[in-house]
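# Structural overview for review
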Amino acid sequence: MLDAIWLQAITFTALNVLFMALATWWLFFSPLRVNVSVLTTPSPRLGKAVALALGLAALQLVGGALWDASMHLKTGRVVGGADFLWPPHILLYSSFLFSFIVALGAFAAIALAGWRHGAHDPRQWVWANPYVGAVAIASAYMIFTIPGDALWHELFGLDLTAWSPPHIMIGLMNAVVVVCALGLLAQSRSSWSSEMQMNVAITVLLALILNVVYIVGVLEWELPGYQSAQVLARPSWSYPLVGGALAFFAMMLAKHLTFARWAATGVALGFYLARLGVTFILNATGNIGPLLPLVFIGGAILIDVMDWRSIASSAWRTVTVTASYTLGYVVLALPVLMVRANRLRFTLLDDIMTVATIFIAALVLEPLARRVSSRLKGETRERAEAVRREQQALAT
């Protein structure tokens, strides 16, 4: 029986990944033999509305995931089979459906506009609006992963880990959704009354995406009481490494996307506000909230305070911001880890490994954050130029 469930779980997950890969290839990369000069982009107001709606879906996912973890602790159960759709899962999975509906609505508006202008191939609509297309595919994947997720729950029971294939893919797909929301915000620049408002919206979205990936990455270390054998078998320093690296990447995206002085600190504060807000609601309603996340606010402040942008060499800028974050992070995070030393078996070697691995990870992630943010901002210029050429062609 166990072998049958194992085979079904792998099959569902593999088929879902295959579907996403084929849909992505066909919509984004397959040869297109029709005229692609007719391009339609979502209106700035629509792009802004879609981005904000996707942010609400991410907040709903965070609430559902933390409630689900609380229910696991309270009941001692990891539900599967007929009991799989208990209230936290309904809240969690309805956020996937909400994202999908939002993406379909935006895609329908774009498709109708494209059809009126002679663009009849769905790939034309996606090529002109890659963010909306990517949100639709990622949201569809999260919905279709539900049967496979139920099988993984039934297969592992209490030994189920957040690092299981469906959970990791759900986290990645939700990250794709919110990153695309950032791109839509960049496209909606003309609909904002001020640059500050858009920067605040970007900061909030990044704080939400950090909450989502942080739950998948490290929540299991922060649950009071039971920890699975898989979690206990991991090196202790992997906890601060994963948490710190995720926070650094989100904060550097904020710095490169907004150029606001306190963008990194804003993402950190937004992360803690969302996390503490959901935790407060859980505790106030008789549920179990997680332990305090690792404190990376010190690293955020040093990123914002250090004048690393004035350094001429790109390599030295990366080293400077990396060293600043590492210092600010470990100064506050290591004491938290030492308080939990008995629980985590944290040693001096783990301290050394934490500092070294955080520095190396940040060195790799900083150029990646720069490239991602450059692509998100550049997409706006490319689409604006395409629309201008389209309007000129129609006028003649």
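Residues numbered from 1 in each chain as written. Predicted model: local features only at pLDDT ≥ 70, side-chain atom pairs only at ≥ 80, totals over all residues. Heavy atoms only, no water.

Model confidence for the protein chain is summarised by a mean pLDDT of 81, while 83% of its residues fall at 70 or above. Within the model, the stretch residues 383–388 combines pLDDT values under 50 with 7 contacts to residues more than four positions away or in other chains. Confidence over residues 390–396 falls short of pLDDT 50; this stretch has 6 contacts with residues more than four positions distant or in other chains. (pLDDT = per-residue confidence, 0-100. Contact = heavy atoms within 4.5 Å.)

Turning next to the layout of surface pockets. Taken as a whole, the largest pocket spans an internal volume of roughly 1,100 Å³. In this structure, the largest pocket is lined by 41 residues; those nearest its centre are Leu 172, Ala 175, Val 176, Val 179 and Val 372. At the level of secondary structure, the elements contributing two or more residues to the lining of the largest pocket comprise α1 (2–29), α4 (122–128), α5 (130–144), α7 (165–187), α8 (195–218), α10 (238–258) and α15 (348–395). Element by element, the count of residues in the lining of the largest pocket is highest for α15, at 9 residues. Across the lining of the largest pocket, the residue classes break down as 33 nonpolar, 3 polar and 5 charged. (1 Å grid on protein atoms, 1.4 Å probe; cavity = no way out; pocket = protein on both sides within 12 Å on 5 of 7 lines; lining within 4 Å. Points joined across faces, edges and corners; volume = space filled by probe spheres on them. Helix = DSSP H or I, 4+ residues; strand = E, 2+ residues; numbered from the N terminus. Nonpolar A, V, L, I, M, F, W, Y, C, P; charged D, E, K, R; others polar.)

Right, let's get into the packing of aromatic side chains. Working definition: an aromatic ring pair is given by the centre-to-centre distance plus the angle between the planes. All told, the structure shown has 9 aromatic pairs when counted by the stated rule. Centre to centre, the rings of Trp 221 and Tyr 239 are 5.3 Å apart; their planes meet at 20 degrees, and the pair counts as stacked. Residue Trp 221 is located in the loop between α8 and α9 (229–233), and its partner Tyr 239 is located in helix α10; the two are separated by 18 residues in the primary sequence. Each member of the pair, Trp 221 as well as Tyr 239, is classed as buried. (Phe/Tyr/Trp six-rings, centres within 6.5 Å; stacked < 30°, edge-to-face > 60°. Buried < 20%, exposed > 50% of the residue type's maximum accessible area, 1.4 Å probe, protein only.)

Let us now look at the packing of helix α12 (residues 297–305) against helix α13 (residues 314–339). How two helices sit against one another is set out by the angle between their axes and by the gap between those axes. Contact pair α12 / α13: the axes reach a minimum separation of 6 Å and the direction vectors enclose 150 degrees. In this view, α12 runs roughly antiparallel relative to α13, as classed from their interaxial angle. Seen from above, α12 lies across α13 with right-handed handedness. Note on element contacts: α13 touches α12 through Val 321, Ser 324, Tyr 325, Leu 327, Gly 328, Tyr 329 and Leu 332, opposite Ile 297, Gly 298, Gly 299, Ala 300, Leu 302 and Ile 303. Residue classes in the contact of α12 with α13 are distributed as 9 nonpolar, 4 polar and no charged. (Axes fitted to C-alpha atoms, helices over the stretch in contact; angles between N-to-C directions. Parallel < 35°, antiparallel > 145°, perpendicular 65-115°, else oblique. Left-handed = near helix turned anticlockwise from the far one by under 90°.)

A few words on the pattern of salt bridges. Throughout the structure, instances matching the rule amount to 4 salt bridges. Salt-bridge contacts for Arg 275 lead to Glu 222; the nearest nitrogen and oxygen are separated by 2.7 Å. Highlighted residues: Arg 275 in helix α11 (residues 263–284) and Glu 222 in the loop between α8 and α9, separated in sequence by 53 residues. Looking at Arg 275, the relative accessible area reads 2%, which means it is buried. Taking the relative accessible area as the measure of exposure, Glu 222 reaches 0% and is therefore buried. A salt bridge links Glu 366 to Arg 370; its shortest N-O distance comes to 2.6 Å. With a gap of 4 residues between them, Glu 366 and Arg 370 both fall in helix α15, about one helical turn apart. Given a relative accessible area of 2%, Glu 366 falls into the buried group. (Salt bridge = Lys/Arg side-chain N within 4 Å of Asp/Glu carboxyl O.)

Contact geometry of α8 with α10 gives a least axis separation of 10 Å together with a crossing angle of 165 degrees. Overall, the two elements α8 and α10 adopt an arrangement that is roughly antiparallel. α10 is crossed by α8, and the crossing has right-handed handedness. Of the residues in α10, those in contact with Asn 199, Ile 202, Leu 206, Leu 210, Val 213, Tyr 214, Gly 217 and Val 218 of α8 are Tyr 239, Val 242, Gly 243, Leu 246, Ala 247, Ala 250, Leu 253, Ala 254, Leu 257 and Thr 258. Of the residues that constitute the contact of α8 with α10, the class distribution is 14 nonpolar, 4 polar and no charged.

Quick look at a nonpolar patch on the surface now. A surface patch of nonpolar side chains, about 290 Å² in accessible area, is lined by Leu 15, Leu 18 and Leu 22. Note that Leu 15 resides in helix α1. (Patch = residues over 30% accessible without salt bridge, like charges linked within 9 Å, V, L, I, M, F, W, Y side chains within 5 Å. Areas by Shrake-Rupley, 256 points an atom, 1.4 Å probe, with all protein chains shown as cover.)

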